[in-house]
2 protein chains.
Amino acid sequence: MSTSEYQVTGMTCGHCEMSVREEVGTLPGVQDVQVSHETGRLVITAAEPLDDAAVIAAVDEAGYQAVRTS
Amino acid sequence: MSTSEYQVTGMTCGHCEMSVREEVGTLPGVQDVQVSHETGRLVITAAEPLDDAAVIAAVDEAGYQAVRTS
């Protein structure tokens with residue numbers, strides 16, 4: 001089990017959170033996605049460590065920018 | 001052909017506009033919906049004059065508040 005955190009900029013509402021959740025949820029091995037438009041915090045739980053570039057690309061696909069924070 | 005305008009509060013992004021557009025678009029006779037989260041302006045074109053309460057209820061269903069302006 002692996003948890004990674006990102007700071008996401010550009011989300012303004014629950015719809016934005018849902019877009020991020022959906023895109024990140026398509027990555028293989030993802031088990032849980034917590035995301036808040038209020039804090040910009042994105043916490044992903046996955047079976048194995050995720051590729052940062054894949055996460056950042058998924059968030060970009062949703063229309064936002066992510067930076068790995070931990 | 002009838003055009004009516006409303007001021008909508010609470011929209012923050014394009015997803016919000018889409019929600020309003022979808023809900024208002026389900027009202028019978030609606031031919032065009034213009035909506036901006038930046039101005040909050042909602043302009044509906046319909047075959048016949050729409051019932052204000054139905055429009056306000058549709059916007060409420062999307063999660064926002066509308067007030068008729070013209």
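Remember, it's a predicted structure, so these values are computed and weren't measured experimentally.

Caption draft 1: Layout of the sheet that holds strand β1 (residues 2–9) of chain B. Residues and elements named next belong to chain B. If you trace the four strands from one edge of the open sheet to the other, you get β2-β3-β1-β4, paired in antiparallel fashion. Two strands close off the open sheet at either side, each with one partner strand: β2 (30–35) and β4 (65–68). Between one strand axis and the next, the sheet turns through 25 degrees on average, direction left out of account. The sheet contact formed by β1 and β4 spans four bridges and is antiparallel. Among the inter-strand pairings, T9 is bridged to a residue of β4, identified as Q65. The strands that helix α1 (residues 14–25) touches are β2 and β3 (41–46); relative to β2, the one it contacts most, it runs at about 160 degrees. Along the sheet, helix α2 (residues 52–62) contacts β1, β3 and β4; its crossing angle with β4, the most-contacted strand, is approximately 155 degrees.

Caption draft 2: Structural view of the pairing of β2(B). Two elements, β2(B) and β3(B), share five bridges in a ladder whose sense is antiparallel. In the sheet register, B:Q34 faces β3(B), and the bridge partner there is B:V43.

Caption draft 3: Molecular detail of the relation of the copies chain B and chain A. For the match of chain B to chain A, the screw axis carries a shift of 0.0 Å, the RMSD comes to 0.0 Å, and the turn is 180 degrees. Both copies are brought into coincidence by an operation consistent with a two-fold rotation axis. In this assembly, 100% of the residues forming the interface of chain B have copies in chain A that are likewise at the interface, indicating an isologous arrangement.

Caption draft 4: The arrangement of the nonpolar core in detail. If you look at the biggest cluster of nonpolar residues, it comprises 42 residues, and the most contacted ones within it are A:L42 and B:L42. Those residues in contact with B:L42, other than ones at most four positions away along the chain, are B:S4, B:E5, B:Y6, B:V8, B:V20, B:V24, B:V33, B:Q34, B:V35 and B:V59.

Caption draft 5: Here's a closer look at the UniProt feature "domain: HMA" (unreviewed entry) in chain A. Taken from the UniProt record, the annotation "domain: HMA" (unreviewed entry) applies to residues 2–67 of chain A. Secondary structure within residues 2–67 of chain A divides into 35% helix and 35% strand; the distance between the first and last C-alpha atoms comes to 17 Å.

Definitions and limits used
- Residue positions within a chain follow its written sequence, with the count starting from 1.
- Starting at A for chains and at 1 for ligands, labels are handed out in the order in which the entities are written.
- The predicted nature of this model means local features are confined to residues of pLDDT at least 70 and side-chain atom pairs, given and counted, to a pLDDT of 80 or more, with totals for whole chains, interfaces and linings taken over all residues.
- Values reported for side chains reflect all heavy atoms of the structure, with hydrogen atoms and water molecules removed beforehand.
- One requirement defines pairing of two strands: DSSP has to find at least two bridges between them.
- Here a strand is any run of E in DSSP of at least two residues, a helix any run of H or I of at least four, and the numbering for each starts at the N terminus.
- Every axis corresponds to a line fitted to the C-alpha atoms, with the helix fit spanning only the stretch in contact, and the corresponding angles, defined between N-to-C directions, vary from 0 to 180 degrees.
- Whether two residues are in contact is decided by their heavy atoms: any pair within 4.5 Å suffices.
- We place the copies in one frame by least squares, fitting the C-alpha atoms of every residue whose pLDDT is at least 70 in both.
- In this text, buried Ala, Val, Leu, Ile, Met, Phe, Trp, Tyr and Cys residues form a nonpolar core when linked through side-chain atoms within 4.5 Å.
- For every residue, the accessible area (1.4 Å probe, protein chains only) is compared with the maximum for its type, and the residue is labelled buried under 20%, exposed over 50%, or partly exposed between those bounds.
- UniProt positions are given in the numbering used here, feature names are shortened, and annotations may be inferred rather than shown by experiment.

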